[in-house]
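Overview (structure and organization)
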Amino acid sequence: MRQKTCKIVSLAFLWIFIGGYFSPFVYGKEGEMGYFGGISEGYRLPQTMDQQVVSKSKKSKSTTMNYKEIVFLTGTPIEMEGTLKIESKGQVDEDKDNGTYQEVYTVEIQNLKNPEESLERKITLETRYYKKKQPYMTQVIKETTPIKKWTETVKIGGETYILNADKSEFHQSIIEDYTPGVQYYTGAISSKSYYTKGTEGAGEELIYSLEGPIYGYEQQWSKTEIQELQFVVESTGGEKTWQMAGTLQPSVTTKKTLQYHQLPNLPHSLEGTYKEVMENHGGLFYNITTYHPELTSKQKIGSVSVPSFNIFEILQAPKNLSFLKGHFAESDVKKLYSMNILDENPAYFQPNQAMPRAQYVKALIRTMNIPIEEVETKRTSRRKNKEEDPLIFADVPKTHPDYPYIMAAYKSQLIQGDGAYFYPERPISREEAFVVFVRILGLERLGLDPTPQTPFVDDRYIASWAKRDLYAAYNLGLIKGNTEGKIMPKNWLSKGEAAALINRLIDYLRYDILEDYRSLQY
Amino acid sequence: MKRKNISSIIIMIFCLQLFVPSIVWADPRILLDPVQNRYTGSEQGTTTISSIQFRDVSERHWANEPITRMGALQVIKGYNRRFEPSRSITQEEALVFIIRGMGLEREAIEIGSRYPDLWSEGYIQVAMQTGLITPAQRDNLQNFASREQVAQWVVSGIEFLNPTFVLGNNSLQSIQQYADGSQISSDKRRAVDIVIQKGIMQGKSSRRFDPKGTITRAEMAQVLANMGDLYYQGANIIRKYGKVGAVQDQMMAESNSDLGMRIFRVRTKEGTIDEFIYERTKSPTGVAKEKNAVVYKNRQINGLLHLQEGDEIEYLVDGETQTLLYVYVMDQDSTQIVEGILQPLDQLHQGKLSIRDSSSQLYTYSLAQGLYHVNEQTGKGTIIIGKDEHPISIEEAPVGSKIQLTLQNNVIVDMKYIGHPILVTELRGVVKEIGLNYITFTDNNGNEVTKNFYRNEIQVTKLPYYEAEDQIGYIREIFPDFRYDPAQSQIDSLELGDVITVQLDPYNLQYIKKIHASGHYMMKYGKVNNVLLQKEGEGQIYITYENGDTERIQVPSNVWISKNKQKIAYTDILPGDWIKVLVNQGIIEPGYVVETVKEITVDGKGHHIENIYRGQLTGIFTHQNQFLLQNAQRLTKRGWEDYQQTKALDISKAQQVEYYDDDRRVSLDYVNRFLNQHNGEVYIATEEYYGEERIAKVTFRYGREQSLGDQTVIYADGTGSFKVLSHSPNLQADKGTIIRRHGRLVDPENIMVTDYAQIILNGENQVAVIDIKEEPGIEGLQVLRGRIAKIKDGQSFQVQSFATLQGMKWSYYPIERVFSTDYKTLFYDETGQVDSKTFIDYTDKSKIDKVYTIITHGDQALYVIDHPYVQEGIQGEIYEIENRNLSLKEVQVYDRAKGSWSLINQKNRTAPVTIENNTILIKNGRVIHSDELEKGDKVHVMTTTKLTNNQNNQPITAYIILVEG
């Protein structure tokens, strides 16, 4: 009996190990709205359920989403709606340093006011990439070009326009930067499509050029992609030659917001629970600057959007936290337990106790869902051929319960210790906590390097290695001094304060960072 | 004579002893506790000292200490003040060292005395006698000793010294870790294993022991020193540790010589007291004899006289004779800084690192444990260079570059990357203050530095904030074709907070020759509360940021202000506008930040209130983030229109939506709980948010509604209380009032006199909605008609006479006038827009003498329209728009003869109006399209038909439509 349980347990560990290994540290997913100036609802972020239940079914590689695009080919903007299907035949390989993969984008849309007008497009894009992995950075550079035939047929006003695939060009290049908690990316696209009007050979030719930068980010709590495109339509060869030009700004965002679901006063074991609502939204602005004189002003500027049905999930309800009633940090601690960021026995989580460094690091790793490697059990460790990681910190042996988290933090350059020791039980100071914040967001460049002085009144107490990151956090609006302008860097953080801090970070990642990106579109 | 001497000496001693008690010892009992042991220097001490001060072993040589130690113990010797440390040791030499170490020197010398020409014969014989070598082996003794041989001899030597020593186990495990362990000769395996176990010898790398390789004389000294206690115990040498507590001098007269003594009282580690005695006797002939011992202190080899109170020491004593042999002063704080080029890290697994200095001398040091890590199996290792730095792998280490080592007791405790030689004196920092001829900045260490400059000599480069790239680069003097350099600047372009690099005058480091600066820019986003104008185009803006902070920012006159990418004036910034401000941030002092505004961008589209609705709340969909209204209506010019039984509006901006219960701000939870089935009206302002209409503000009211229509504010007190003409009591706008000013939500303070607004009341004098807009008019544009005289294609045209439209009348001027045209000028006729190329004054298509309606802005012709001369006019209010057909009501016709207006028809006061391709519509000072007309617009229509006869309600063709209200 005992042997059997041993076996099961070790198999379970193995499963978790393997499962954990394949957990989705997905390399950046740009292009969920295509690169043609249209918008889709966008992919959803993984929910807690997706992360907990490892589904055995093969993950389908193709996604179909609601999609809208404005077609400018005829000189008048026509809004068309339909679907965008993305089939990914591969992705960036975790282990290899370079490679290629393909994706097929299929667009089928029509003008809802006049269903005879439609657009169909199918393009297979091949992306080549290489990785640059250093201890101080990880980046992936990608280049995408169409491969195979790119077909496109547009029907407007009784006329059919067919894409000339041999003449048409499409090119895109993107760089992805991986910081410990967030993946950022930016790049640009450039395309020129040639259409012939009608089915006869010669005749009117339309040229549609599109160009502009892309930027975005993806993390556990929200993601955004924005494209700032400029387009030009030229008509040549017909009786009238004309041009039209303007700007297009498609963007797609997904964010997870937290709502509280309060139960009425009932003899119910739960007082209330938190739920996470996933909101997807795609929005597109367009502004035609050079145009057919017949365009009315309402047609020159416009916007469309693709909302999506919001899904939600109820999070676990924290129990045994009733002793927090009336405490400053009651709501913060409850939220963190709900989001499974804190999972120790609530009896040991006294909010006025000092927050140990190991626990803080662990909470942050769980917040950003940074992948950890489970420690091998005795059974599996028999395969000794695998390279043994050296013990980085003398006071964090493999048997330490927080070992996987501290190692994950070390590997993603979140923490360094002092070379030999990490001091896991020592309480974390405020300056250390803020520094780790900024590192997890990868936004150190917002501080000066080196920062001779920060705006805080007690600047001289801030350690020199912490100044730059504290200045960056100040510029981000994450931290402010207290009413006297002091930041009190050396004070220890209590567990309650740490919970509040982490919540603040999560809120920033859910809402504020998204608003900063979107404010560009104004 | 002698007596006198004696008495004087005795007096001296007496005096000395009088002095003694007044000196305070750090160890207060040092003189009181009993002395346990007394050790005297040896008579050979001084000669030993000079013999081991080798000329070819510098102070900084890594093996300086072991060579000194073993030299002091007389195990190793050099020749002629040279030791030749880097030479590979021969078997003969190695044996000699080891035999000395075994204490068999005397025998060796004795035997050797029989062979005066062969200095080593004695040793060799002893070696054979003790079994270290076989007679057969003696012929090879000139060859270099191999490492495994040395290992074997060392072990044999130790075992000889004390046969009862148990030297480790015989497991031969330690050899296993080396890949070349199998190459060790089988008879030497055990010995090699023991020396590895005991730390006497190490492999050449983590995988190679190199048993057949050679060993240098310095390494040999180290090996012997590594034997440590194994050797000391065997040779009856006592090793002790202690601290020198007191030093006393004594002079004594002996029978025929003067004896000077220096006595050192040492507090041992165990707490007892030992005494060292240095003696110096001077015989009457003047010959001095000393009893001295080798003292190794600060890397130097000297005698006992160099010992001082406070020295922490390790000392070796001959157990038999109680003679002091060697004192090693452990200097706690001897930090030394050395620099050199980092050599390949192939000894890292041994914890050693080498550098080569400027004279190509190689130095190897041990690394402190925390600074490196080597994985035994893979051989991969990491090393930490620089405090607070992340460990880097061996492959990444800056081999070949200059590094600086901080040594303590010859152990590397810190390393710093220096890199290549520094050529110029550069300082970097952040600007705090700029004066006429000085600049103060905070350098990278936080210190405040002030340097001077000559205004007309200093070279300044700073890229303006809008320049993305430095085109010319670092060296500007070299390229003689001086291209335009946007970075070339004056000292005045430097601002507080700029990050600068300063190059100093090498002849006078107080003066700056060159400065390069880079601004530190940040974008802030917030809503304008109030705008104050101070001087020409400059002033202060009160701004509220998204997080609620308010600030007053100073806007200087040279700031670029734009909206929708068009430059606007400072006075065009309105309260309620959302602006992005680019600032250069400078931290003068902790807690005191100065920001200079560089650019302001006013949001074009953002936070623009699209619609205002009223209705009743029937429900809230929390997951889909929607408010459900019933009986919803939208506010238009004519009042509440567009009735919808239910309407869903989005509240996804849940974070920033403002909810008001009457005039109190509340949360969504409050609304959900208490106001979900509210009986009264709810007023909602929506804005466009990325293609969707989302709620920005919601107010619940309890009173009865009353619409005041369009009013002009005649009095406002700045707190939201104001007066209009048609309503006598003061009206009160509160925080819950939806106030839309030029399309944006503002606070009650922004209601001002002469504002023209549509006002909805709810309750007695409580304002629910006030929509402030521009007073309608057509200023700016002029409507003219002219007869063409001449045309200059694409440039201008001249009319021989023209008429201007004022109100409904044309005023005629028989004078010529020129209007300019450009590519933006649009030409219309009854077919619609025509190409400007048709507007020419030659060929049969000439337009000379034709009369056109011209819309101008000053002398610039914007539109040239070919349509009939219109003299008749009507005015009315649009109540229906369908494509190009308008329906007007309350229509009045202008009677030109009488110059007055009269109703078109008593019973049916409507008239249908059609818009043609060459109809011109003007609203708010610009030409618009028909789709910008709204229901409720009051228009003047000019047409050709005489309307007083229009009894049948024929559609009227409008040629000119002016929107008046």
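Figured I'd write up the structure that's included with this text.

Conventions adopted
Residues numbered from 1 in each chain as written. Chains lettered and ligands numbered in written order. Predicted model: local features only at pLDDT ≥ 70, side-chain atom pairs only at ≥ 80, totals over all residues. Heavy atoms only, no water. Helix = DSSP H or I, 4+ residues; strand = E, 2+ residues; numbered from the N terminus. Buried < 20%, exposed > 50% of the residue type's maximum accessible area, 1.4 Å probe, protein only. Contact = heavy atoms within 4.5 Å. Buried area = accessible area lost by both parts, 1.4 Å probe. Salt bridge = Lys/Arg side-chain N within 4 Å of Asp/Glu carboxyl O. Phe/Tyr/Trp six-rings, centres within 6.5 Å; stacked < 30°, edge-to-face > 60°. Lys NZ or Arg CZ within 6 Å of the ring centre and 35° of its normal. Pairing = 2+ DSSP bridges. Core = buried A, V, L, I, M, F, W, Y, C linked by side-chain atoms within 4.5 Å. Domains from an automatic or database assignment. Lys, Arg positive; Asp, Glu negative; His and termini not counted. Axes fitted to C-alpha atoms, helices over the stretch in contact; angles between N-to-C directions. Parallel < 35°, antiparallel > 145°, perpendicular 65-115°, else oblique. Left-handed = near helix turned anticlockwise from the far one by under 90°. Nonpolar A, V, L, I, M, F, W, Y, C, P; charged D, E, K, R; others polar.

Residue and element names in this part refer to chain B. Look at R299: it is not a glycine, yet its phi comes out positive at around 70 degrees. Structurally, R299 can be placed in the loop between β6 (294–297) and β7 (300–302). Residue classification places R299 among the buried residues on the basis of a relative accessible area of 14%. Located in the positive-phi region is N883, a residue other than glycine, with phi close to 55 degrees. If you trace the backbone, N883 turns up in the loop between β54 (872–882) and β55 (885–895). Overall, N883 belongs to the exposed group, its relative accessible area being 65%.

Take helix α8 (residues 464–476) of chain A next. Each full turn of the α-helix corresponds to 3.6 residues, which orients residues three or four apart in the same direction. Those residues of α8(A) that fall on the buried side of the exposure criterion are A466(A), K467(A), D469(A), L470(A), Y471(A), A472(A), A473(A), N475(A) and L476(A). Each element contacted by the buried residues of α8(A) is listed here: α7 (430–441) and α9 (495–518) of chain A together with β25 (521–535) and β30 (578–589) of chain B. The first or second residue beyond α8(A) is G477(A), which carries a positive phi of 85 degrees.

Taken together, the contacts link 53 residues of chain B with 55 residues of chain A. Regarding the contact of chain B and chain A, the summed buried area is about 4600 Å², with carbon and sulfur atoms giving 49% of it. In this assembly, chain B and chain A are joined by one salt bridge. When the shortest N-O distance is used, the salt bridge between D549(B) and K480(A) registers 3.2 Å. No other element matches the five residues that β30(B) contributes to the side of chain B that touches chain A.

Before going further, it helps to spend a moment on the packing of aromatic side chains. Any two aromatic rings considered together are summarised by their centre-to-centre distance and by the angle between their planes. For the structure on display, the rule yields 36 aromatic pairs over all chains. Both rings, one in F276(B) and one in Y315(B), keep their centres 4.7 Å apart while their planes meet at 75 degrees; by these two values the pair is edge-to-face. Residue F276(B) is located in strand β4 (residues 273–282), and its partner Y315(B) is located in strand β8 (residues 312–318); the two are separated by 39 residues in the primary sequence. Classification of F276(B) as buried rests on a relative accessible area of 0%. Residue Y315(B) is classed as buried on the basis of its relative accessible area of 0%. Here the aromatic rings of W810(B) and Y869(B) are separated by 6.1 Å at their centres, their planes lie at 50 degrees, and the arrangement is tilted. Note that W810(B) is positioned in strand β48 (residues 809–813) and Y869(B) in the loop between β53 (860–865) and β54, a separation of 59 residues in sequence. With a relative accessible area of 43%, Y869(B) lands in the partly exposed category. The rings of Y35(A), F36(A), Y105(A), W150(A) and F170(A) are connected pair by pair, giving a single aromatic cluster. Here R121(A) stacks its cationic end above the ring of F36(A), 4.2 Å away from the centre of that ring.

All names here are of chain B. Spatially, seven strands are ordered β27-β26-β25-β30-β31-β28-β29 in an open sheet, and the strand pairing comes out mixed. Strands at the two margins of the open sheet, each flanked by one partner only, are β27 (550–555) and β29 (566–567). Here β25 runs beside β30; their pairing, made up of seven bridges, is antiparallel. In the sheet register, Y521 faces β30, and the bridge partner there is N584.

So, about the nonpolar core. Residues and elements named next belong to chain A. Core analysis: the biggest nonpolar cluster contains 73 residues, and Y360, I415, L441 and L470 have the highest contact counts within it. Counting residues domain by domain, this core receives three or more from each of domain 1 (31–313) and domain 2 (324–519). Ignoring any residue separated from it by four or fewer positions in sequence, one finds Y360 in contact with M355, I428, A433, V436, F437, L493, A498 and I502.

What follows covers the sheet that holds strand β13 (residues 372–374) of chain B. Residue and element names in this part refer to chain B. Pairing in this open sheet of three strands is antiparallel, and the strands run β13-β14-β15 from one edge to the other. This sheet does not close on itself; its edge strands, each paired only once, are β13 and β15 (392–393). In this sheet, β15 lies alongside strand β14 (residues 381–383) in antiparallel orientation, the contact comprising two bridges. Within the sheet, the bridge partner assigned to I383 lies in β15 and is I392.

Bringing the environment of L582(B) into the picture now. Residue and element names in this part refer to chain B. By secondary structure assignment, the location of L582 is in strand β30. Residue class for L582 comes out buried when judged on its relative accessible area of 15%. Discounting chain neighbours no more than four positions away, the residues touching L582 are Y465, Y521, M522, M523, T596, V597, K598 and E599.

Moving on to the side chain of E218(A). Residues and elements named next belong to chain A. Assignment of secondary structure puts E218 in strand β10 (residues 205–218). Nearest to the buried, unbridged E218 among oppositely charged side chains is K223, at 5.4 Å. Other than its neighbours up to four places away in sequence, E218 contacts K29, L45, V182, Q183 and K223.

Residues and elements named next belong to chain B. Considering the arrangement of structural elements, one finds R147 in helix α7 (residues 147–161). The buried charged residue R147 lacks any salt bridge, with D210 as its nearest oppositely charged partner at 4.8 Å. Here R147 is in contact with M201, Q202, G203, K204, F209, D210, P211, G213, T214 and I215, once residues within four sequence places are set aside.

So, about the pattern of salt bridges. Per the counting criterion, the structure on display carries 72 salt bridges over all chains. The shortest N-O distance in the salt bridge between E276(A) and K256(A) comes to 4.0 Å. Of this pair, E276(A) sits in strand β14 (residues 272–290) while K256(A) sits in strand β13 (residues 242–262), and the two are 20 residues apart along the sequence. In this structure, E276(A) and K256(A) share a single accessibility class: buried. E148(B) serves as the salt-bridge partner of K212(B), at 2.9 Å between the closest nitrogen and oxygen.

A separate point is the packing of α7(A) against α8(A). Helix-helix packing is characterised by the crossing angle of the two axes and by the distance between the axes. Residues and elements named next belong to chain A. Here α7 crosses α8 at 65 degrees, and the two axes come no closer than 9 Å. Of the possible angle classes, the one that applies to α7 and α8 is roughly perpendicular. Note that α7 runs across α8; the crossing there is left-handed. Contacts between α7 and α8 involve E431, E432, F434, V435, V438, R439 and L441 from the first element and W465, A466, D469, L470, A472, A473 and L476 from the second. Residue composition of the contact of α7 with α8, grouped by class: ten nonpolar, no polar and four charged.

Moving on, we get to helix α6 (residues 121–129) of chain B. Residue and element names in this part refer to chain B. Where α6 is concerned, the buried positions are E121, G122, Y123, I124, V126 and A127. Those residues of α6 that are buried are in contact with α4 (91–101) and α5 (105–112). G131 sits one or two positions beyond α6 and adopts a positive phi of about 85 degrees.

Bringing the environment of L84(A) into the picture now. Residues and elements named next belong to chain A. The topology assignment puts L84 in strand β3 (residues 78–89). Overall, L84 belongs to the buried group, its relative accessible area being 0%. In this structure the C-alpha to C-alpha distance between L84 and T64, which are 20 residues apart in sequence, comes to 5.6 Å. What L84 contacts, discounting residues up to four positions off in sequence, is E32, M33, G34, S40, T63, T64, M65, Y67, Y105, T106 and V107.

Our focus in this paragraph is the pairing of strand β57 (residues 911–923) of chain B. Consecutive residues of a regular strand have side chains that alternate between opposite faces of the sheet. Residues and elements named next belong to chain B. Counting buried positions along β57 yields ten of 13 residues, so the element is predominantly enclosed. Sheet topology places β55 next to β57; four bridges connect them, and they run antiparallel. In the sheet register, S887 faces β57, and the bridge partner there is P912. Where β57 and strand β60 (residues 956–963) come together, seven bridges link them in parallel fashion. For T914, the partnering residue across the bridge sits in β60 and is T957. With three bridges joining them, β57 and strand β58 (residues 926–928) adopt antiparallel strand pairing.

Among the structural elements, Y823(B) can be located in the loop between β49 (817–820) and β50 (826–829). Considered as a pair, Y823(B) and S836(B) are 13 residues apart in the sequence and their alpha carbons are 8.0 Å apart.

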